[in-house]
Structures are given as C-alpha cells and as structure tokens.
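Residue-level listing of the chains:
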Amino acid sequence: MRKQDAIFVFFSIGSMVLGVFMPFVADSLRWVPRMTMLTLLFVSFLSIDGKDVWSNLRHFPGAVVMLVIMKLCVMPVACWAVFSLVMPEFALGAALLGGSSGAVTAPFYAFLLQADLVLVVVGLVVTSLLLPFVLPLMLALLGSLGQGQ
C-alpha cells in the first residue's frame with residue numbers, strides 16, 4: 001500500500017471513530033455522507049462496461065458464488081459467534097451488520113487497492129439483491145440458536 005493510501009485509510013477510520021465519540025462536532029454536516037456516498041456510487045459505475053460485467057459473470061461464476069456465500073452466510077455467522085462470546089446482547093445486531101451490503105464504499109476501496117473492480121461491483125449488486133431473502137433466514141436461524149444458550 002502506498003503512503004498516501006495508508007494516510008487516507010487512517011484518516012477515514014479516525015474520522016469514523018471521532019464521529020462515534022463526538023457526533024455533535026459535525027451535526028451541521030449531516031447531509032455530506034449521503035451525498036458523498038451517492039457520488040462515489042455514480043463514479044464507481046461510470047468506469048465499468050456492461051460487457052465486462054457479463055464476461056466476468058460468465059467466466060468466473062464460482063468467484064461470484066463464493067463471494068455471495070461468504071457475505072450472506074459466513075460473515076453473519078462469524079460475527080454472531082464472536083459477539084455471542086464477547087457481548088451476547090449485541091450478537092444478532094453484529095450478525096445483521098456482518099451480512100449487510102458493503103454499500104458504495106466497496107467499489108471505491110477496491111479501486112483504491114487496485115482489486116478486481118468488476119468482481120466487487122458484481123458481488124455488491126448480487127448480494128444487495130439477495131440480502132432481503134437470505135439475511136432474515138440467517139438471523140432467524142441464529143436467533144433460534146441464541147435462544148438455546
């Protein structure tokens with residue numbers, strides 16, 4: 001990772017921490033994250049050709065399926081397992097966050113880290129479309145497991 005990328009990631013995480021512990025500082029800028037995310041989404045999709053997406057789906061279906069399984073099944077279970085040991089009252093919330101979509105920041109960070117941007121966007125769109133069907137079932141399963149403890 002280049003020096004300026006590391007600085008960017010550090011300040012991104014630092015600003016999130018600052019926002020959690022001192023939200024009143026940026027109260028007048030509540031609209032900025034929404035507009036920034038929408039702009040990032042728009043810019044991320046500008047550079048992707050539809051033929052590249054279709055080609056990626058046709059040539060690497062296993063990668064897309066693995067990405068979907070990891071995001072919608074493995075991540076919620078892993079987050080739930082860790083939080084059920086550490087903070088059981090937040091275990092289902094952690095599972096929900098673990099399975100939620102990466103939103104518009106995933107393509108941006110994929111571009112920043114020079115990852116396969118097309119695969120990230122395909123995974124983001126597919127998991128976002130499947131999320132309302134799969135995640136409630138996963139949460140119901142994890143909730144029933146949590147009741148047995």
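As the structure is a computational prediction, the values presented were derived from the model and not from experiment. (Residues numbered from 1 in each chain as written. Predicted model: local features only at pLDDT ≥ 70, side-chain atom pairs only at ≥ 80, totals over all residues. Heavy atoms only, no water.)

A. Representation of the overall build of the protein in the model. Summing up its helical and strand segments, the protein has 7 helices and 0 strands in all. When the helices and strands of the protein are read in sequence order from the N terminus, they spell out α-α-α-α-α-α-α. Overall, the protein is about 50 × 45 × 30 Å in size when its C-alpha atoms are taken along their principal axes. The burial tally for the protein puts 21% of its 149 residues in the buried class. Considering only residue pairs separated by 6 or more positions, the protein has 73% of its internal contacts joining residues 24 or more positions apart. Only carbon and sulfur atoms are counted for the fraction: they give 77% of the accessible area of the protein, which is about 10300 Å². Positive and negative charge centroids in the protein, built from 7 and 6 side chains respectively, lie 3 Å apart. (Helix = DSSP H or I, 4+ residues; strand = E, 2+ residues; numbered from the N terminus. Buried < 20%, exposed > 50% of the residue type's maximum accessible area, 1.4 Å probe, protein only. Contact = heavy atoms within 4.5 Å. Areas by Shrake-Rupley, 256 points an atom, 1.4 Å probe, with all protein chains shown as cover. Lys, Arg positive; Asp, Glu negative; His and termini not counted. Charge placed at Lys NZ, Arg CZ, Asp CG, Glu CD.)

B. Layout of the pattern of salt bridges. Under the definition given, this model contains 2 salt bridges. In this structure, Asp-5 engages Arg-2 in a salt bridge whose closest nitrogen and oxygen atoms are separated by 3.1 Å. The class for Asp-5 is buried, based on a relative accessible area of 6%. Take Arg-2: its relative accessible area is 45%, and that puts it in the partly exposed class. (Salt bridge = Lys/Arg side-chain N within 4 Å of Asp/Glu carboxyl O.)

C. Molecular detail of helix α4 (residues 61-86). For α4, which comprises 26 residues, the first-to-last C-alpha distance of 36 Å matches the rise-based estimate of 38 Å (1.5 Å per residue) to within 8%. At Val-74, α4 shows its strongest bend, of approximately 40°, with the proline Pro-76 following within four residues. Among all positions of α4, only Val-64, Val-68, Leu-72, Pro-76, Trp-80 and Ser-84 are buried. (Expected span 1.5 Å × (residues − 1). Bend = angle between axes of the 7 residues up to and from the residue.)

Shape is all these values report; function is a separate question.
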